[in-house]
Every structure is written in structure tokens, then in C-alpha cells.
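# Survey of secondary and tertiary structure
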Amino acid sequence: MMLAWHEAPGLEPSHFGAYETGLWARASSGETVVGFARLSRCALIGAFEDPHRALRLSYIGDRFPVVRRRTGGGSLSLDANTLIVALALPVGHYADLAPALLMSTLCAPFLAALRDLGIDAVFAAPNDLVIAGRKLASAFLIRHEGVMLFEMALPLALDVEELLKTLRLPLEKLSEQGLLAARQRFAPLRTLVPDLGSATLCARITARIAQTLDLQGCHEPPPVLGRADVVTEDSRPPPDITAFLKTPGGVLYLDAWLDPGATIREARLAGAVACLDPVLFSRIETSLVSTYAARLEPALAEALGDASPDMIGVEPADIVYLGHLCAARLLVGGELGLDAASQISVFSPHRTDSIDAILASLDAVLLPYCAKPTWCKWRHRDGCPECGRCAVGEAYALARKRQLTVMTITNFEHLRAALAELKGRGARAFLGVCCTDFFLKRDYAFVEAGIPAVFVDIGGDTCYTLRQEEEAYAGRFEAQAYVDARLLGRLLEWRDRLTVQGDSKTQAQPPSPAVRSAGT
Ligand code: SF4
Ligand code: SF4
């Protein structure tokens, strides 16, 4: 049996879809094929990614194309210095291997090839090859109808600044220091073996794959490709409700567009997650159409059934809980309007607390320093004398009126100390104001503290949109975000009603999307 292999050094990004399709078709007819492609400058997004969430589209503009892979996982910023290895094969005895084990198994011949070249890399779950903690390569995989497509992105050299500008990763930093730190996180192959030729690398990888699969390597010319493809603009309006959940397998989003009466017209599951089943998300999305949005949680449980989804780091319970979070936002929408609901998130450490239960137990309000005016002498200090010149003062007044502890968080260390203090004195829940990017990046601080919370997203310029994350964590972010004091007030009034009633199970009616702005 043969392992057909080829190099495609000058592949047009717009032909990548046709390239994958060709490999898939050959594997469907029983062949095993491995291709080594180099794409010119482009962004290659994962099969399930929303480009608006994954990429800085404002930077990309017309600079280079955005194309979509068949495989899930995160997006890539590519140029011809990255080798994309695409291996297509019949599933054979890999048919029933658990997704995480299959991923590490398929990475093994790559690690062996790198060892042949003197690079002692190891596999790092869920899908990376690393050396001394630095990322060397990422792998992606789908398995469907008897065929697998395994792809690995192996940078020979890497333009980290371009990567940070292209990908909308809250983890990344573009300041001088941030770039330095980011460069330390990657180990492109030629920083390890300066004279590494791609022909040598391709030959080693082919040899190791052939050995693993017990096949005979056979070189062939690159395929001739006809059809061009790029990601087309999503012309849909923003979703009516949306929820996100950080899982060990990545951040998963559920978006829903509603008909009047709050039934789902369209749904979208998205994220940089490794889902091996390429049709699972679209099947779930279809099954949700016409579902009453408040029933998203049971509807998702039903759609998933008893089978464990073919995913890495995402459990069925995660997807079902996403439905719960979406329904919770609908409930918030019933109280405050759907537009306001999109700014409010629930954090329940054990996924057991409802939003009304958390609101009724609020003991503290945490505000970010970035919402104080840059000229305010209290900007980098905890506290506020309520001088009446900004919304943070209003937020302080709202909290103090209710005898709630109120703090300005001045940097990340202060946040951890504040959470530890709240925990130490038995705080039941808090109301936090911060940007979603911060929450996604630093959620572990909240998980560690284990205190239920309701978060209100800030508006205005965040240090993510301005690319000043590094300064922000050190408490030096110099632009001004915006706290919606009116929304905060309405949320606290809701909390007052719940406290008076002593009933954490209010039965708010979900709003109709047609009138969602009313009352906001
Ligand atoms: S209200 Fe407080 S935070 Fe705002 S400007 Fe006055 S002192 Fe500064
Ligand atoms: S990360 Fe930046 S913008 Fe977001 S809350 Fe913190 S300081 Fe404000």
C-alpha cells in the first residue's frame, strides 16, 4: 500500500478549500495522501470560527484573504514561511479512537520526524507540539464518514507582530514588551535548526508517517486546482441573544436570531474548538430552529442525545449549559431588554446558581479603574468621593446606597487580592464590571475565588481594541472605558425587588425581539 505525497509550495489561499476537497476525495476512495503546502499571506480560520470573533478584520481589510479550513480549532495567521501538512486517510482502525487520543496518536510521527532532526519536542494537549514550553506547531483534525483529515501548521519562521495584529486573541500583546513576551511563546523551526530545509523536513515527516501506517512513500506532482474560495461576509444582523462559555477545549459561543415570540429563527454554534465531526454543529443548529429560546437548555440536551460528541475538551454538559446561559440572557432581556442582556453575563462556579439567585445575594460591586477619567486623581486608586463628574461616581453611589462593598480594581494583582478578601469574609456573590475579553482571559482568577457573580460588560475603548493589554494589567491603560451607570442602576433595582420578595425564582417573561429596545 502506498502513501502518496507531494509538495505544493505556492498554493493560492483561495485554492485551499479545493485542495482539501481533493485530498478528502482521494481518501474516500481508499488512498492515503499527504501534502506539504505553503500558502501566501492569509488568515486561515477554523471550520467553526466566527471571523468577527477570531480575527481583527479591521486590520486585515483588503491586505490579504481570509479562507476557511475544513478542520476545527483556532485560526492561523499564515505566510509562505509556514508549512501546512495535510494528511488524508481512511479511518481504518482509528475509527473508534477517542478524539484526544487520536490527536496525540497522529502527532506521534511528526514528533519522531522532529527528533530525527534534533528537535526534542513533545505533545501538549489538546493539539500543540511544544519544546521547553514554547509552541512549535498546532494540529487540527476531522473524522467523518470513514475518512480523516489531519492538518498541522509548522512555522519555519514566524512574524509574531503580524500574527498578533491578525488574530483577535485577547491573550496577545502588541506593546514592545508584549511582543518580546509573545515571541518567547513560539519556537519556529528555524530558530532551533537555522539551516533546516523544507525538503528535508517533508522527507522526514513522510518517512515517519509511512512507517507508522506501514505504507510505502511515493512522490507525486502537486494537484491541479480549479475552484477558488474565500470566506464571504456574514450579512446577518447581530444575533438577538448570545452566550459564551470557556471550556478546556476553547471558548464556545451560541448565537440565536429570534422571531417575535422568542422562537429561534436561526442558531449558530461557533468557536475555536476541536470538533472532529464536521456536521455536528450544523446538525444541532438545524435542530434548534423553531425552539422557544427559553427552552434552549433541554433542546440542546435532546439534540446531543446520549452520544458523546466527537470533540476535544468540550463535554456534552458544556454545550447544554451554553443553552442555559442563553436562556438566562433571555430572562435578563425580559427584565431589562435584550440589548441590555447582551452586556450581562452570569458566572456560577458550579453552574448551579441562577441569575436572580446571584443578584439577590450580592454583597459587593467591583469596578475597573479604566472607566474612571484619565484626569481623575482616583483613577489608579481604590475609592471615589463621588464628585459627580463621571459614571463611576454614580456606580459608587448606587452601591453605597445599598450598603454594598464597592471597590475600584486597579490591576490584576489587586483583583486577586480583592477576590481573596471577599472570599475570606464569606461574600455570597458580587457584581463585576469588566470587558468580556478580560473575563475570557483571566477567568481563572474568578474560578479560583469561586464566588458567583453577575458581570456587566464595559463599553467604549477597551485596552483590547486599542491593543494596550500589557499596560492594562499593570494598571497603566490610558484610554477610557465606559460604565453604563443606568444599566447598573436597573440591575440593582432588580436585585432590590428580588431581595424584598425574598424569592429568587421570579418568573420574568422573555421579550419579543421586535420590541427588544423598549425599556433599555
Ligand atoms: S466621580 Fe469619582 S471616579 Fe469619577 S471623576 Fe469623580 S472622583 Fe473620579
Ligand atoms: S482589560 Fe482593560 S478594558 Fe478590560 S476591564 Fe481591564 S483595564 Fe478595562
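Just so you know, these numbers come straight off a predicted model, no measurement behind them.

Conventions adopted
Residues numbered from 1 in each chain as written. Chains lettered and ligands numbered in written order. Predicted model: local features only at pLDDT ≥ 70, side-chain atom pairs only at ≥ 80, totals over all residues. Heavy atoms only, no water. 1 Å grid on protein atoms, 1.4 Å probe; cavity = no way out; pocket = protein on both sides within 12 Å on 5 of 7 lines; lining within 4 Å. Points joined across faces, edges and corners; volume = space filled by probe spheres on them. Helix = DSSP H or I, 4+ residues; strand = E, 2+ residues; numbered from the N terminus. Nonpolar A, V, L, I, M, F, W, Y, C, P; charged D, E, K, R; others polar. Domains from an automatic or database assignment. Phe/Tyr/Trp six-rings, centres within 6.5 Å; stacked < 30°, edge-to-face > 60°. Buried < 20%, exposed > 50% of the residue type's maximum accessible area, 1.4 Å probe, protein only. Lys NZ or Arg CZ within 6 Å of the ring centre and 35° of its normal.

The computed volume of the second largest pocket comes to approximately 460 Å³. Every residue lining the second largest pocket is counted, 26 residues in all, and those nearest its centre are Ala-47, Phe-48, Glu-49, Arg-68 and Val-231. Those elements that place two or more of their residues in the lining of the second largest pocket are helix H1 (16-28), strand S4 (66-68), strand S14 (263-271) and helix H9 (280-288). When its residues are assigned to classes, the lining of the second largest pocket shows 10 nonpolar, four polar and 12 charged. Composition of the lining of the second largest pocket by domain shows at least three residues from each of domain 1 (2-219) and domain 2 (238-342).

Our next topic: the packing of aromatic side chains. Under the definition given, this model contains 15 aromatic pairs. When the ring of Phe-430 is compared with that of Phe-455, the centres are 5.8 Å apart and the planes differ by 85°; the resulting orientation is edge-to-face. Of the two residues, Phe-430 is situated in strand S20 (residues 429-434) and Phe-455 in strand S21 (residues 453-457); the sequence distance between them amounts to 25 residues. What makes Phe-455 buried here is its relative accessible area of 5%. Within the aromatic cluster, the residues linked to one another by ring pairs are Phe-244, Tyr-253, Phe-347, Phe-430, Phe-439, Phe-446 and Phe-455. Taking NZ or CZ as reference, Arg-41 lies 3.9 Å from the ring centre of Phe-64, over its face. Above the ring of Phe-412, the side-chain terminus of Arg-442 is found at 4.2 Å from the ring centroid.

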